[in-house]
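Structural overview
Below are the chains, spelled out letter by letter.
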Amino acid sequence: MKNSGPNEKGLLRIENANKSFGGVHAVRDVSFEVQEGVIQALIGPNGAGKTTLFNLITGVFPLDTGHIIFNDQDTGDKKIFNLVSMGIARTFQNVELFTGMTVLENVLVGLHVRTKCGFLGAIARLPNVQREEKEAREKAMHWLDFVGLAHAANNKAGDLAFGWQRSVEIARALASEPRLMLLDEPAAGLNANETGQLGDLMRQIRDLGVTLLLVEHDMSLTMEIADRIVVLDQGAKLSEGTPREVQADEKVIAAYLGA
Amino acid sequence: MVFTLFAAVIICTGAALEGDYYHEQLLTFIGIFTLLAVGLNMLMGYAGQISLGHAAFYGIGAYTTGALTVHLQWSPWASLPCALIMAGVIAYIVGKPTLKLSGYYLGMGTLGFGMIMHVLFREWTTITGGPNGLVGIPSLSLWGLDLSTGRNYLYVVWGCVLLTFFICDRLVNSRVGRALRAIHYSEQAASAVGVDTAKAKLQVFVFSAVVAALAGFLYAHMVMFISPGTFTFLASVKLVAMVVIGGMASIWGALLGATFLTLLPEHLSVFADYEMIIYGGILMGVMIFLPQGLTRGVLDIYEKFRAKRKGTVED
Amino acid sequence: MMQELLQYLFAGITNGAIYAVIALGFSTLYNATDLINFAQGEFVMLGALLLVTLWLQLGLPLPLAFVLVVLAVGLAGILFERLAIRTVRKPDPIVLVIITVGASIFLRGVGMVVWGRDPMAVPPFSELESIEIAGAYLLPQSLWIFGIVMILVVALTLFYKRTLTGKAMSACAINKRAASLLGIGTERMTLMAFALATGLGAVAGIMIAPITMATYDMGSMLGLKGFCAAMLGGLGSLWGALLGGFVLGIAEAMGVGFVSSGLKDAIAFLLLLLILYIRPTGILGVKSSHRF
Ligand SMILES: Nc1ncnc2c1ncn2[C@@H]1O[C@H](COP(=O)(O)OP(=O)(O)O)[C@@H](O)[C@H]1O
Ligand SMILES: [Mg+2]
């Protein structure tokens, strides 16, 4: 999934992004880049605007001002589902599974952008459609296996334990074959053991060539896994650098201790 | 497999009913309502988009074929595609802005559309015959075979039901059907994982309108007379009730709902007076106690019960 | 021509005032609960038919009958909330739409069984002569209606602005959780909003009965037009409801007068569809869109 040739410019570039909700200036003048192939973390206190930034990157709502550039294309005029086919996938802070559908079906919906069968195709069910469906199921099973949930493929997604639901979301996101994957607090609600496994999983995902941008409150996980960290506070970028640099930054210490 | 069995049941029932005109007609009506319910169920049950004006498409199908065959003496076989296309095109035009709405507003929007169509059926006298209705719609025949006899028409209608079931079954179990169900659970999540939700909703809206128009066509050529009173708000509510009773997101449930609500008036002699109380009560009762619909709700309860007994609650 | 125009205008204002009261009902409920009650019109019908029973059949004096009817219908609204809304396990809009539609059909059926199918004539509140203005006639009933509407809007505005309960009710609308943290019982507020909204419906029914006669099936059309008026003026706004009611009433009257009477009902819905289409985002707002 890696792009050919060195890429000095980041895979994702955020330039002077601004977003307000009524009186709340949720994201103010934020700029940073995410280089291809890294695990980058976005941290900050609650209400800092991290989820809002994710929503802006994935096109849930438009920017007030500024630009978000993915793979050298401005995402401003793209529809939310087009961004998925361009290669941006995400998970959600409050798990957003299709609860009444099976785990496998959830992952198959993630394959939506990589398959073609339309309304008439589904009715006619010609051999090429059948082949596509078969391959899609195999791929979906592959991703379920990858996150360790192959055994639960036919369970209702809503019936799974919370930690497993998180994994289904990751499998669903992977199924769309992203180049960039956004994870919003993937470790929230997980126990220490599960958090450790999650860390391993994220490294495996990176090794597939997928760039990761994650929001995470678990500092030990973040510091251990992230190549680079961006700190947000009250909507603005407070600091940026390697985990070591960020940890040493006075402003960050002040913000975290003062809060 | 299921469909072959279903076809066999229809053929045998038809044969067994030979000459019993009353029951043949009743069964034919059940077929027509099943068509309407299964089409609406694709929209409501699977995609989770309510339509309180679906009788309008039923009417568009009936009036299009009625007007073409009565005023222009077209053959019904020529007017059939026109009726379906008419409903499809109108659904496309209306659906495009309407389906941007959701929840209450979608309900009001579709209701308003249904009302406008009803006014049109009533007032556009030159085409529709106005409040008195349109008389003299021909019956169907094919290569000299008279299809209007009780049993033949029953086969025609149930043949259409079978075909529609077959199509719906394929749709549901496909990429398209999965996208629709995803939209039902959360439209925003569906679009965030890559589904073009506006397109998917519009497609299923047009599909359900076309199925309703097919039912309208079959109805018009069965009773050979149509009037605006058949295509009212109450008719739309009845269709919703059929879907709700049968259970959202269940093709066979639509058959059940249509059968139940078609037989109810036949077996309840006080029905005429209490019709509305009963429909209203059913809608409220099912939605309050079994919001998944009757069949799904009962199945869910059964499954929970079984899971408890087996003690295999995964965690 | 001028005279005709004036005559239509009078008719339009009278109907518009009634739509406005129904719209007020929609807005009050929406303000407190975010809910749209598809059965609102049926409470209008109940108001009109109960008036027939209490005033004409039992011979109670009109003011007493008026008050009793409003109380009774408000009570019916409370029952409705308790039995059919509170009990819902999955309060999705689609479920609530189906339930309130079910309630509307149910109540219509009850109206038919109790009061029969035939429309019942109701005399106007006062037996004065029509007033002639520039060749057009204004019914005294219209003045009554107009007066009552004005009083209602002012009273409701004061209620929301000045009383603690009123303020609490709008607080519920803005944020349920925050309201309950502040110790405002959202349950009680919801109940009160239902009583208020259905009571307003009853007032509309009482006022319109002398003009259109009272029947079991008068409600659905009025309810939908009231909703249309509420949307025209901006759902939730009191003065908007008033304005929307008048705009709709006058547009309808002109349409009937100058185009065709058969189109009367279509005008409201064309307007409604137009509003829904033109400003879907304005209507949906941030409130109903799901937050990730
Ligand atoms: N859809 C929205 N509508 C209104 N306000 C929002 C919305 N999304 C986020 N906000 C506000 O923006 C601010 C940042 O929120 P969020 O991005 O969720 O923070 P974080 O994820 O960093 O905890 C908060 O004050 C929040 O209330
Ligand atoms: Mg967040």
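In this report, we go over the structure that sits alongside the text.

The rules behind each value
- Residues numbered from 1 in each chain as written.
- Chains lettered and ligands numbered in written order.
- Predicted model: local features only at pLDDT ≥ 70, side-chain atom pairs only at ≥ 80, totals over all residues.
- Heavy atoms only, no water.
- Helix = DSSP H or I, 4+ residues; strand = E, 2+ residues; numbered from the N terminus.
- Buried < 20%, exposed > 50% of the residue type's maximum accessible area, 1.4 Å probe, protein only.
- Contact = heavy atoms within 4.5 Å.
- Lys, Arg positive; Asp, Glu negative; His and termini not counted.
- Charge placed at Lys NZ, Arg CZ, Asp CG, Glu CD.
- Near = heavy atom within 4 Å.
- Polar contact = N/O pair within 3.5 Å; in protein donor to acceptor, adjacent residues only side chain to side chain.
- Nonpolar A, V, L, I, M, F, W, Y, C, P; charged D, E, K, R; others polar.
- Donors = N, O, S within 2.8 Å, 3.2 Å for Na, K, Ca; no water.
- Axes fitted to C-alpha atoms, helices over the stretch in contact; angles between N-to-C directions.
- Parallel < 35°, antiparallel > 145°, perpendicular 65-115°, else oblique.
- Left-handed = near helix turned anticlockwise from the far one by under 90°.
- Expected span 1.5 Å × (residues − 1).
- 1 Å grid on protein atoms, 1.4 Å probe; cavity = no way out; pocket = protein on both sides within 12 Å on 5 of 7 lines; lining within 4 Å.
- Points joined across faces, edges and corners; volume = space filled by probe spheres on them.

1. Remarks on the overall build of chain B
Counting its regular elements, chain B contains 14 helices and 4 strands. For chain B, the spread of C-alpha atoms along the three principal axes comes to 65 × 45 × 40 Å. Each of the 315 residues in chain B was classed as buried or not, and the buried ones make up 59%. Considering only intrachain contacts with a sequence separation of at least 6, the fraction spanning at least 24 residues in chain B is 77%. Of the side-chain charges in chain B, 17 are positive and 15 negative, and the distance between the mean point of each set is 12 Å.

2. Topic: the site of ligand 1
The local shell around ligand 1 holds 13 residues, among which A:Gly47, A:Lys50, A:Thr51, A:Thr52 and C:Arg291 are the closest. More than one chain lines the surroundings of ligand 1; the residues nearby belong to chains A and C. One of the backbone nitrogen or oxygen atoms of A:Gly49 is found 2.9 Å away from an oxygen atom of ligand 1. The element best represented in the shell around ligand 1 is helix α1 (residues 50–57) of chain A, accounting for 3 residues. Of the residues belonging to the shell around ligand 1, the class tally is 6 nonpolar, 5 polar and 2 charged.

3. So, the coordination of the magnesium ion (ligand 2)
Residue and element names in this part refer to chain A. Those protein atoms acting as donors to the magnesium ion (ligand 2) are Thr51 (OG1) and Gln93 (OE1), and they sit at 2.0 to 2.1 Å. With Thr51 in helix α1 and Gln93 in the loop between β6 (88–90) and α3 (103–110), this residue pair connects regions lying 42 residues apart in the sequence. What makes Gln93 partly exposed here is its relative accessible area of 26%.

4. Details of the packing of helix α2 (residues 21–46) of chain B against helix α12 (residues 251–267) of chain B
All names here are of chain B. In the contact formed by α2 and α12, the axes pass within 7 Å of each other and the chain directions differ by 135°. Relative to α12, the element α2 is oriented oblique. Considering the relative orientation of α2 and α12, their crossing is right-handed. Side by side, α2 and α12 meet where Tyr22, Leu26, Phe29, Ile30, Phe33, Thr34, Ala37, Val38, Asn41 and Tyr46 of the first sit next to Ile251, Ala254, Leu255, Ala258, Thr259, Thr262, Leu263 and Glu266 of the second. In terms of residue class, the contact of α2 with α12 is made up of 13 nonpolar, 4 polar and 1 charged.

5. Structural notes on helix α4 (residues 76–98) of chain B
Look at α4(B): 31 Å from first C-alpha to last across 23 residues, which is about the 33 Å you get at 1.5 Å a residue. For α4(B), every residue scored as buried is listed here: B:Pro76, B:Ser79, B:Leu80, B:Ala83, B:Ala87, B:Gly88, B:Ala91, B:Val94, B:Gly95 and B:Thr98. Contacts from the buried residues of α4(B) go to α3 (55–71), α5 (103–123) and α10 (197–223) of chain B together with α11 (264–278) of chain C. Where α4(B) begins, the side chain of B:Ser75 points an oxygen toward the backbone nitrogen of B:Trp77, at a separation of 3.0 Å.

6. Let's talk about the packing of helix α2 (residues 40–57) of chain C against helix α9 (residues 219–233) of chain C
Two packed helices can be described by the angle between their axes and the distance between those axes. Residues and elements named next belong to chain C. Where α2 contacts α9, the axes come no closer than 7 Å and their chain directions differ by 125°. Between α2 and α9, the angle falls in the class oblique. Crossing hand, α2 versus α9: right-handed. Where α2 approaches α9, its residues Gly41, Glu42, Val44 and Met45 are matched on the opposing element by Gly219, Ser220, Leu222 and Gly223. When its residues are assigned to classes, the contact of α2 with α9 shows 3 nonpolar, 4 polar and 1 charged.

7. Quick look at empty space enclosed by the protein
Where empty space is left can be seen by rolling a probe of water-molecule size over the atoms. Applying the stated criterion across every chain yields a total of 4 cavities of 30 Å³ or more. Space inside the largest cavity adds up to approximately 100 Å³. Surrounding the largest cavity, 14 residues form its lining, B:Phe233, C:Phe38, C:Ser104, C:Ser220 and C:Leu224 being those nearest its centre. Listing elements by their share of the lining of the largest cavity, those giving two or more residues are α5 of chain B together with α2, α4 (93–115) and α9 of chain C. Broken down by element, the lining of the largest cavity gets its largest block of residues, 4 residues, from α9(C). Broken down by class, the residue content of the lining of the largest cavity amounts to 6 nonpolar, 6 polar and 2 charged. Quantified by volume, the second largest cavity comes out at close to 60 Å³. Taken together, B:Leu52, B:Gly53, B:Ala55, B:Ala56, B:Leu111, B:Gly114, B:Met115, B:His118, B:Phe231, B:Thr232, B:Phe233 and B:Ser236 make up the full set of residues lining the second largest cavity. Of all the secondary structure elements, the ones that give two or more residues to the lining of the second largest cavity are α3, α5 and α11 (233–246) of chain B. The dominant element in the lining of the second largest cavity, judged by the number of residues it contributes, is α5(B), at 4 residues. For the lining of the second largest cavity, the class distribution of residues is 7 nonpolar, 5 polar and no charged.

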